[in-house]
Amino acid sequence: MSNAKFELDGKVFEFPVIEGTEGEKAVDITKLRGETGYVTIDSGYGNTGSCTSAITFLDGEKGILHYRGYPIEQLAEKSNFTEVSYLLLNGKLPTEAELKAFDKAIADNSELPAGVKTILDAFPKDAHPMGVLSSVVSALTAFYPELLGAELSKSEQDKSIAQLMGQVKVAMTYFFSKSVGKAPKATNAALSYSEDFLSMMFNSNDAIDPEVVNALDILLVLHADHEQNCSTSTVRMVGSSHANIFATIAAGIDALWGPLHGGANQAVLEMLEEIQNDGGDYKKFLEKAKDKNDSFRLMGFGHRVYKNFDPRAKIIKKACDTVLTKLNVNDPLLKIAKGLEEEALKDPYFVERKLYPNVDFYSGIIYKALGIPTNMFTAMFVLGRLPGWLAQWKELRESGARISRPRQIYTGETARDYVEMNKR
Ligand code: SDX
């Protein structure tokens, strides 16, 4: 690859160009400031790569998403959540024995310390599950001092990964059960990850409808990773300081909570219910979304990277029809969502800006059909994204990456002397 040439202050500087395995190209500006005194500015990092990574590839123009090279469509149809989690974490699909051992490690490390249950019991019943999850994951630092070191051994790393995959699932269902006045149900190692979650969530001893289990598993697979999105970049940022794994994941949870990111799935449902309560005229709300003077946005639409259909949204939309039919659920919100999508996809405002439905647009309708409360939708995103965060954290630490420390351009007051305004 020929170098990139920058001409600055009459001088020409050359910087190497790197190319990824899928043909993506980047100018490596690691030495830019040292050689030119300049830094770059890229608000929102839309043009800036923070790392090289071998985990997830996505092509926003073509609507392509691969986990370790496998197309998301194939994984959603043929794989399952813990197999995909293993793939993201280890770079290859597990053998039967490897998957069994991974599932067992998760099951064996799912139990919450009694002190964490006391913390969960202390939360008000209407606490937002994202705040509960973030607090509980941080609180785990108090119960596993042996896992707080900056350098974990392989076995410590494997244990903490399996433990987080299990304990986050248990913490979510424990808090939900208590919030509805039920005694939490223990995890059952004989069940698959998704079936165990649903069984604990609904406190049920009956077998869970396989269609419901399959629908949840597909949703978790689709949410498992998405390269350097806001919350994953946060995980990498915090992980780069060698903070412990619990603090790192808690930071990811907090970043995901925002309505522009993972919080959008809850915001979509609230938007659809607002439209329904307003009489169902979704065209009126489409106009509001286009009005710069109106803060209303079409939640679940648009994406920083996808300028075509989010491939996950396509799969979820199809699953919506299947699941609601199988469960004999007739949700008027699905009709409103489909109407909104149909109108937006032919509206110049959305077409010109390449705004398509994203992963959050239809997922809430399925969660609702599965009986999951709206304020838990973003926590469901945490459950799905956890293996992706962990895989990206693992890759970051194994790469020996330096601490992340972006630069800035200062635009404040220039140097001035202090004037005593108030007597000490
Ligand atoms: C996720 O990055 C990831 O990979 C995230 C994610 C993952 O798996 O981790 O895919 C998960 O977070 C999906 C996104 C969920 N968020 C939403 O659905 C919230 C609604 N969407 C928007 O807020 C917005 O589209 C973002 C936040 C998703 C993207 O924001 P950008 O890239 O900063 O785009 P922008 O705000 O600069 O918008 C460009 C234009 C603007 O109009 P103009 O100034 O050019 O006139 O498009 C408009 C925006 O006003 N626009 C919208 C819109 N999204 C963008 N207008 C109305 N409704 C919207 N939803």
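Residues numbered from 1 in each chain as written. Predicted model: local features only at pLDDT ≥ 70, side-chain atom pairs only at ≥ 80, totals over all residues. Heavy atoms only, no water.

Let's shift gears to the site of the ligand. Taken together, 24 residues sit near the ligand, with His226, Arg297, His303, Arg304 and Arg312 positioned nearest. Within the side chain of Arg297, an N or O atom sits 2.7 Å from an oxygen atom of the ligand. Surface burial for the ligand is 77%, taken as the share of its 1,100 Å² of free accessible area covered by protein chains. Tallied by class, the residues present in the shell around the ligand amount to 10 nonpolar, 7 polar and 7 charged. (Near = heavy atom within 4 Å. Polar contact = N/O pair within 3.5 Å; in protein donor to acceptor, adjacent residues only side chain to side chain. Areas by Shrake-Rupley, 256 points an atom, 1.4 Å probe, with all protein chains shown as cover. Nonpolar A, V, L, I, M, F, W, Y, C, P; charged D, E, K, R; others polar.)

Below, the discussion takes up the sheet that holds strand S6 (residues 64-67). If you trace the 3 strands from one edge of the open sheet to the other, you get S5-S6-S7, paired in antiparallel fashion. At either end of the open sheet lies a strand with only one pairing partner, and these are strand S5 (56-59) and strand S7 (70-71). Sheet topology note: the S5/S6 ladder contains 4 bridges and is antiparallel. Within S6, the position partnered with Phe57 by the bridge is His66. (Pairing = 2+ DSSP bridges. Helix = DSSP H or I, 4+ residues; strand = E, 2+ residues; numbered from the N terminus.)

Under the criterion given, the structure shown has 12 aromatic pairs. Judged by centre distance (5.9 Å) and plane angle (75°), the rings of Phe301 and Phe350 are edge-to-face. Note that Phe301 is positioned in the loop between helix H13 (282-290) and helix H14 (311-326) and Phe350 in helix H16 (residues 348-352), a separation of 49 residues in sequence. For the pair shown, Phe301 and Phe350 are each scored as buried. Residues Tyr367 and Phe377 carry aromatic rings whose centres are separated by 5.5 Å and whose planes lie at 40° to one another, so their mutual orientation is tilted. Residue Tyr367 is located in helix H17 (residues 359-369), and its partner Phe377 is located in helix H18 (residues 377-399); the two are separated by 10 residues in the primary sequence. The structure contains a cluster of three or more aromatic residues connected by ring pairs, namely Phe301, Tyr349, Phe350, Phe361 and Tyr362. The ring of Tyr193 has Lys169 sitting right over it, with the charged end atom 4.2 Å from the ring centre. (Phe/Tyr/Trp six-rings, centres within 6.5 Å; stacked < 30°, edge-to-face > 60°. Buried < 20%, exposed > 50% of the residue type's maximum accessible area, 1.4 Å probe, protein only. Lys NZ or Arg CZ within 6 Å of the ring centre and 35° of its normal.)

Many structure descriptions define interface size as the accessible area lost when the parts assemble. In terms of domain boundaries, the chain breaks down into domain 1 (3-64), domain 2 (75-255) and domain 3 (264-370). Centre-to-centre separation of domain 1 and domain 3, based on C-alpha positions: 34 Å. With 9 residues of domain 1 at the contact, the number on the domain 3 side is 7 residues. Here domain 1 meets domain 3 over a buried area of about 550 Å², counting both sides, of which 57% is carbon and sulfur. Taken together, domain 1 and domain 3 are joined by 0 salt bridges. For the interface between domain 1 and domain 3, the tally reads 4 residue pairs in polar contact (both at pLDDT 80 or more). The residue makeup of the side of domain 1 that touches domain 3, split by class, is 2 nonpolar, 4 polar and 3 charged. (Domains from an automatic or database assignment. Contact = heavy atoms within 4.5 Å. Buried area = accessible area lost by both parts, 1.4 Å probe. Salt bridge = Lys/Arg side-chain N within 4 Å of Asp/Glu carboxyl O.)

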